[in-house]
Amino acid sequence: MSISIHIHPQACTLALSYVPLLQENYPCFVHEAATATPCMACGAQMQLHVQAEGLFLYWQAQPRWAGVKADFLQGQVAHRQAFGGGKSQAIAKAVGIAQGIQPCIVDATAGLGRDSAVFAGLGCQVLMLERHPVVHALLGYGLQQAQHQLAAQAFVHQMQCQRVNAGDDLATKIQAWAWPAEVIYLDPMFPHRDKSAAVKKEMQLFQHLVGPDIDADALLEPALDLAEYRVVVKRPRHAPCLAARTPEMQLKGQSCRFDIYIKRSLKYKAR
Ligand SMILES: C[S@@+](CC[C@H](N)C(=O)[O-])C[C@H]1O[C@@H](n2cnc3c(N)ncnc32)[C@H](O)[C@@H]1O
C-alpha cells in the first residue's frame, strides 16, 4: 500500500505534529499541496491530507469520495450518542454497562474509535489501541482535536489512545500504563457485507488500507488471561467465532453479533 502525505499551506499545527511520527513508521512521500482536493497526479494509492481542519484520508481509486477522518463530535459518533439506544443497545449490554456499572475498557482494535465513543459516552473510561500508523494518526488527531474544543462533551476526556500492536505482549504494556483492564473489546477487520452506503464506503477503504487482520485469532487467548471480568468480540452475524472458541453468551446487533467470554460478574461500583 503506497501512501503520500499532502501538506496544505494552512495546515493545522496539531495535525502537522503527526507527520514526523508517520514518516518514522510508514514509507510515505510528503508533498506540498496547493488545493484542498485529492491530487490526481500523485501515484500513491492513499493520500493523507493535512489541512486547516485536520487530517483526512483519501483513496485514489475513489476520487469522488470525501476524505475519511476520526470525528468525535459530529457524524456517526454524534448520531450513535443521540439515537443509538444508550444502555439498552447490544454493544453496551455486551460490555456489561448497566445502572451503576461502567467498566474500564481496553478497546484493543480501536480503528476510528466509534465503538469506544459509545462506551465513553455511557460513562466508561476507555483505552484505545491501534497498530496501523495511518489509522492511529487519524484517531489520535481526532481525539486530541475533540479534547481541545471547549464545547467538547465530557466523554472525550474519558478516552485515551496508544499506537501499539495489541498482539505484542499486551499484559506488560497494560501494566506499565497502570490501566485496569476490566473488559477487553476486540473488533478485528473482517470481510464486510454491510449494505449501508456510508459504512460500505469507509469499510472498503479500511479493508484496502489495513487488510483483513489475519492474525486476529491470536488476540483472544491473551485477552482472556488479562481481562478481569470479560472479553467481548464483535463479529459479523454469520462469521465463525474468533479462534473457533465458543463464547458463554452472544448478543445480536443490527448487522453484527457480540461474542461474550465471561470470567466473572461485573459489580456495581460507586464512582
Ligand atoms: C474493524 S476496525 C475497528 C473499528 C472500531 N471498532 C470502530 O468502532 O471504529 C479494526 C481495527 O483494528 C486494528 N487492529 C487489528 N489488529 C490489531 C492489533 N493486534 N493491535 C492493534 N490494532 C489492531 C486495525 O488496524 C483496524 O484499524
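- Going by the annotation in an unreviewed UniProt entry, the name recorded for the chain is Ribosomal RNA small subunit methyltransferase J, with Allopseudospirillum japonicum given as the source organism.
- Looking at the chain in UniProt, the text filed under Sequence similarities (unreviewed entry) is "Belongs to the methyltransferase superfamily. RsmJ family."
- Quoted verbatim from the Subcellular location (unreviewed entry) field of the UniProt record, the comment on the chain reads "Cytoplasm".

Structural notes on the overall build of the chain
- Secondary structure summary: the chain contains nine helices and eleven strands in total.
- The dimensions of the chain, computed from C-alpha atoms along their principal axes, are 55 × 40 × 35 Å.
- Burial analysis of the chain (271 residues in total) assigns 38% to the buried set.
- The long-range share in the chain, meaning contacts at least 24 apart out of those at least 6 apart in sequence, stands at 67%.

Focus: the domain arrangement of the chain
- According to the domain assignment, the chain consists of domain 1 (3-59) and domain 2 (75-262).
- When each unit is reduced to the centre of its C-alpha atoms, the spacing between domain 1 and domain 2 is 26 Å.
- Taken together, the contact pairs 14 residues of domain 1 with eleven residues of domain 2.
- Elements supplying a minimum of two residues to the side of domain 1 that touches domain 2: helix H1 (13-16), helix H2 (18-25), strand S3 (46-51) and strand S4 (54-59).
- By residue class, the composition of the side of domain 1 that touches domain 2 is twelve nonpolar, two polar and no charged.

Some thoughts on the sheet that holds strand S7 (residues 159-163)
- The strand order across the open sheet built from seven strands is S7-S6-S5-S8-S9-S11-S10, with neighbouring strands paired in mixed fashion. Strands at the two margins of the open sheet, each flanked by one partner only, are S7 and strand S10 (249-252). When strand polarity is set aside, the average angle formed by the axes of neighbouring strands in this sheet is 20°.
- Where strand S5 (residues 105-107) and strand S8 (residues 183-186) come together, three bridges link them in parallel fashion. Among the inter-strand pairings, Ile 105 is bridged to a residue of S8, identified as Val 183.
- Strands S8, strand S9 (230-236) and strand S11 (256-262) of the sheet are contacted by helix H9 (residues 217-226), whose axis makes an angle of about 165° with S8.

With respect to the UniProt feature "binding site: S-adenosyl-L-methionine" (unreviewed entry) in the chain
- Per the UniProt annotation, the sites labelled "binding site: S-adenosyl-L-methionine" (unreviewed entry) are Arg 114, Asp 115, Glu 130, Arg 131 and Asp 187.
- With respect to the secondary-structure elements, Glu 130 resides in strand S6 (residues 126-130).
- Aside from chain neighbours lying at most four places away, what touches Glu 130 is Ala 110, Gly 111, Val 135, His 136, Leu 139, Cys 161 and Arg 163.
- Tracing the backbone shows Arg 131 in the loop between S6 and helix H6 (133-148).
- Ignoring any residue separated from it by four or fewer positions in sequence, one finds Arg 131 in contact with Arg 163, Val 164, Asn 165 and Ala 166.

Topic: unusual backbone geometry
- You will see that Asp 169, though not glycine, has its phi angle at about 50°, which is positive.
- In this fold, Asp 169 is placed in the loop between S7 and helix H7 (170-176).
- For Asp 169, a count of 12 C-beta atoms within 10 Å translates into the label exposed.
- If you check the backbone angles, Asp 213 has positive phi at about 50° while not being a glycine.

Some words on the confidence of the model for the chain
- The predicted model of the chain has a mean per-residue pLDDT of 90, with 94% of residues at 70 or higher.
- In the predicted assembly, ipTM is 0.99 and pTM is 0.93.

Concerning the packing of H2 against H6
- For the pair H2 and H6, the least separation of the axes is 10 Å and the interaxial angle reads 165°. Accordingly, the angle class assigned to the pair H2 and H6 is roughly antiparallel. Pair H2 / H6 crosses with right-handed handedness. Two secondary-structure elements touch here, H2 through Tyr 18, Leu 21, Leu 22 and Asn 25 and H6 through Pro 133, Val 134, Ala 137, Gly 140 and Tyr 141.
- Of the residues assigned to the contact of H2 with H6, the class counts are seven nonpolar, two polar and no charged.

Analysis parameters
Residues numbered from 1 in each chain as written. Predicted model: local features only at pLDDT ≥ 70, side-chain atom pairs only at ≥ 80, totals over all residues. UniProt positions renumbered as here; feature names shortened; annotations may be inferred. Helix = DSSP H or I, 4+ residues; strand = E, 2+ residues; numbered from the N terminus. Buried ≥ 20, exposed ≤ 12 C-beta atoms within 10 Å, placed from the backbone. Contact = placed C-beta atoms within 7 Å. Domains from an automatic or database assignment. Nonpolar A, V, L, I, M, F, W, Y, C, P; charged D, E, K, R; others polar. Pairing = 2+ DSSP bridges. Axes fitted to C-alpha atoms, helices over the stretch in contact; angles between N-to-C directions. pLDDT = per-residue confidence, 0-100. Parallel < 35°, antiparallel > 145°, perpendicular 65-115°, else oblique. Left-handed = near helix turned anticlockwise from the far one by under 90°.

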